Number of protein chains: 2
Amino acid sequence: MAARYERIAAELRDDIVGGVHPVGSQLPSEADLAARYSAARGTVRQAVAVLAAEGLVGSRQGARRIVLGGERSQSFAELHSFAQWARSNGYRVGGQVIAQRRRPARGAEAGRLGSDTVLDVLRLRTLEGEPVLVERTVYADWIAAAVEAVPADCESITQALYDTAGVVFAYGEHLLDAVAAGTRDAALLGVRRGSPLLRQRRITTTHEGRPVEWSDDRYRAGSVAFSVRNSIGANPLIRQAGDLRFGA
Amino acid sequence: MAARYERIAAELRDDIVGGVHPVGSQLPSEADLAARYSAARGTVRQAVAVLAAEGLVGSRQGARRIVLGGERSQSFAELHSFAQWARSNGYRVGGQVIAQRRRPARGAEAGRLGSDTVLDVLRLRTLEGEPVLVERTVYADWIAAAVEAVPADCESITQALYDTAGVVFAYGEHLLDAVAAGTRDAALLGVRRGSPLLRQRRITTTHEGRPVEWSDDRYRAGSVAFSVRNSIGANPLIRQAGDLRFGA
DNA sequence: CAGTGGTCTAGACCACGTC
DNA sequence: ACGTGGTCTAGACCACTGC
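In this text the structure is predicted, and so the values were computed from the model without any measurement.

Criteria and cut-off values
- Residues numbered from 1 in each chain as written.
- Chains lettered and ligands numbered in written order.
- Predicted model: local features only at pLDDT ≥ 70, side-chain atom pairs only at ≥ 80, totals over all residues.
- Heavy atoms only, no water.
- Near = heavy atom within 4 Å.
- Polar contact = N/O pair within 3.5 Å; in protein donor to acceptor, adjacent residues only side chain to side chain.
- Helix = DSSP H or I, 4+ residues; strand = E, 2+ residues; numbered from the N terminus.
- Nonpolar A, V, L, I, M, F, W, Y, C, P; charged D, E, K, R; others polar.
- Core = buried A, V, L, I, M, F, W, Y, C linked by side-chain atoms within 4.5 Å.
- Buried < 20%, exposed > 50% of the residue type's maximum accessible area, 1.4 Å probe, protein only.
- Contact = heavy atoms within 4.5 Å.
- Pairing = 2+ DSSP bridges.
- Phe/Tyr/Trp six-rings, centres within 6.5 Å; stacked < 30°, edge-to-face > 60°.
- Domains from an automatic or database assignment.
- Salt bridge = Lys/Arg side-chain N within 4 Å of Asp/Glu carboxyl O.

Undergrad: Sorry if this is basic, but what is going on with the protein's contact with DNA strand C here?
TA: Inspection of the region around DNA strand C gives 23 residues, with Arg4, Ala40 and Thr43 of chain A together with Arg41 and Gln61 of chain B positioned closest. Backbone atoms, meaning sugar and phosphate, make up 73% of the atoms of DNA strand C lying within 4 Å of the protein. The backbone of glutamate 30 of chain B places a nitrogen or oxygen atom 2.8 Å from a phosphate oxygen of DNA strand C. Those elements that provide at least two residues to the surface near DNA strand C are helix 1 (4-17) and helix 3 (41-53) of chain A together with helix 3 (41-53), strand 1 (57-60) and strand 2 (63-67) of chain B. Here the surface near DNA strand C gets three residues from one element, more than from any other, and that element is strand 2 of chain B. Within the surface near DNA strand C, the residues separate by chemical class into six nonpolar, eight polar and nine charged.

In structure tokens:
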């Protein structure tokens, strides 16, 4: 059973998407919503906090909440998994392991992954049959066996690891920039050497903060873009840039 | 005066960064924290929710919270403003308007910005004296006069617009990808034509959802990377990728 | 089983916007 | 002045973890 505030959030979301609360209009007051749903104001606040974090509604102290957008931005939702992202957008996705081997951890890898031997995997991913992504992933040794058990042409490694080993990718840190294609990248992706690639480097951990993988993913330019929505109110990270905590 | 929960969050954050609560250790229970700070449990929960959203701590029902990371990831905090990001990282930043003119809105601009004439600005931004960013920004006409009043070499337009017009950039939607440098980009940034650039396209609105600007920013490769931290629990957008639950 | 976080209630006061 | 959202309190019950 979903929590009360989740059901209220879902109803409000449906009302927004369905046009009951058009973009630009005011949401009913928290007191009104509490009365309508026979819930305490705190519960209603939890519900609208969900919508605010999604960027659907804005808020200012003293004024009614305002509906900001109708469409859902799912884009960063699938940040962890290329396959899950592609599927939820209706694309045909493929993958193939090019090379895979165990080796001792090098340089910062031991510290990052907390293991002294690692599993190194090079994968080529396709979208609608076109190669778009070269993945260089390094797995911690506690998960290596499970990764090796995954078929070479598996679509979603994330999904496979969840199914076979119960591993949930819970936290991620991502670094996005642009690089020029090297010889190997160029050959795999079918582009000229030096052409632009979007690089996503990430480290992923479980709930407990146990590192699972460290990956360097390179996307052919034009194939994929990352989208982010942020807001002063919804994302606590933003707050600090705005005003106070600077020189401290 | 900052809110109680913000001060508690700040103290806990300092304790984590300062090593009082090392990475991997358990945070004190909510009841303990409530007693220590003489606050209600709800207030403590607000505080730790801030830290969870920052990716500093994780949580699982029934178990103590766990410290996930020590360093602060402010990077996306300053996503809205190049100057604010650069300053908070201790960089010298500069800027120069290359071209600026009013013109009729083209194509999708009218719909995106909600105005039929726009102010088109081309800016070159520098970091430590090196050109790193070409900004092509289109402002809605209601803000155009305020933008034109900003000096051509102003460091932070965001700050200037807040100071002179009281405009707060509250919401943003961002699209990140890689492109090849065109002739103009290459000349301005001092790179070869065709070399990789990190492109950030964004639309920014006020609290009320009123569009302020639409911008196409291109960073020289190697000069800047965007960093994101996300988690199943802290970022509701992520949730949909993983599996079950909704709110938070 | 006891402890912990997740949810919910029913109040309260305050800061801010709007009129 | 009044309504609104922002904050805070002091309880309660439940689901889950860990022993």
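On we go from here.
Undergrad: What is the right way to read the nonpolar core from this model?
TA: Note on soluble globular proteins: their nonpolar side chains tend to be buried together. By size, the foremost hydrophobic cluster in this structure holds 26 residues, and its most contacted members are Phe82, Leu127 and Tyr219 of chain A together with Phe82, Leu127 and Tyr219 of chain B. Elements that contribute at least two residues to this core include exactly helix 4 (82-88), strand 5 (130-140) and strand 6 (171-180) of chain A together with helix 4 (82-88), strand 5 (130-140) and strand 6 (171-180) of chain B. With residues up to four places along the chain from it excluded, the contact list for leucine 127 of chain A reads Phe82, Trp85, Ala86, Tyr91, Arg92, Val132 and Val224 of chain A.

Undergrad: Please clarify how the protein's contact with DNA strand D should be interpreted in this entry.
TA: Near DNA strand D, the surroundings consist of 23 residues, among which Arg41 and Gln61 of chain A together with Arg4, Ala40 and Thr43 of chain B are the closest. Backbone sugar and phosphate groups make up 75% of those atoms of DNA strand D lying within 4 Å of the protein. Glycine 62 of chain A has a polar backbone atom sitting 2.9 Å from a base nitrogen of DNA strand D. Here a base nitrogen of DNA strand D sits 3.1 Å away from a polar atom, N or O, in the side chain of arginine 41 of chain B. Where the surface near DNA strand D is concerned, the elements lending two or more residues are helix 3, strand 1 (57-60) and strand 2 (63-67) of chain A together with helix 1 (4-17) and helix 3 of chain B. Broken down by class, the residue content of the surface near DNA strand D amounts to six nonpolar, eight polar and nine charged.

Undergrad: Help me out: how do you make sense of the pairing of strand 2 of chain A in this one?
TA: On a regular strand, each side chain points to the face opposite its neighbour's, so the side chains alternate between the two faces of the sheet. Residue and element names in this part refer to chain A. Pairing of strand 1 with strand 2 involves three bridges; the strand directions are antiparallel. Counted as the bridge partner of glycine 58 is isoleucine 66 from strand 2. The hairpin turn running from strand 1 into strand 2, its antiparallel successor, is two residues long, and glycine 62 in that turn takes a positive phi close to 95°.

Undergrad: Is there a simple way to explain the packing of aromatic side chains in this structure?
TA: What describes a pair of aromatic rings is the distance from one ring centre to the other and the angle between the planes of the rings. All names here are of chain B. Taken as a whole and assessed by the stated rule, the structure comprises two aromatic pairs over all chains. Note on phenylalanine 82 and tyrosine 219: the rings are 6.2 Å apart at their centroids and 50° apart in plane angle, and the pair reads as tilted. With phenylalanine 82 in helix 4 and tyrosine 219 in strand 8 (residues 211-220), this residue pair connects regions lying 137 residues apart in the sequence. Grouping residues by exposure puts phenylalanine 82 and tyrosine 219 together as buried.

Undergrad: Teacher, can you tell me more about helix 6 (residues 141-148) of chain A here?
TA: Owing to its 3.6 residues per turn, the α-helix aligns residues three or four sequence positions apart on the same side. If you check which residues of helix 6 of chain A are buried, you get Ile143, Ala144, Ala146 and Val147 of chain A. Contacts made by the buried residues of helix 6 of chain A are with strand 3 (93-104), strand 4 (117-127), strand 5, helix 7 (157-165) and strand 8 (211-220) of chain A.

Undergrad: Sorry, what's going on with the domain arrangement of chain A here?
TA: How big an interface is tends to be reported as the loss of accessible area on association of its parts. Here the domain parsing of chain A yields domain 1 (4-69) and domain 2 (77-220). On a C-alpha basis, the centres of domain 1 of chain A and domain 2 of chain A stand 38 Å from each other.

Undergrad: Please explain the pattern of salt bridges as it appears in this structure.
TA: Side-chain pairing between opposite charges can occur once the charged atoms of the two side chains come close. Residues and elements named next belong to chain B. A complete count under the given rule lists 34 salt bridges over all chains for this structure. Between arginine 45 and glutamate 30 there is a salt bridge; the shortest N-O distance is 2.9 Å. Here glutamate 30 lies in helix 2 (residues 30-37) and arginine 45 lies in helix 3, a separation of 15 residues in the sequence. Residue classification places arginine 45 among the partly exposed positions, given a relative accessible area of 41%. Measuring nitrogen to oxygen at the nearest pair gives 2.9 Å for the salt bridge that ties aspartate 177 to arginine 199. Residue aspartate 177 is located in strand 6, and its partner arginine 199 is located in strand 7 (residues 196-205); the two are separated by 22 residues in the primary sequence.

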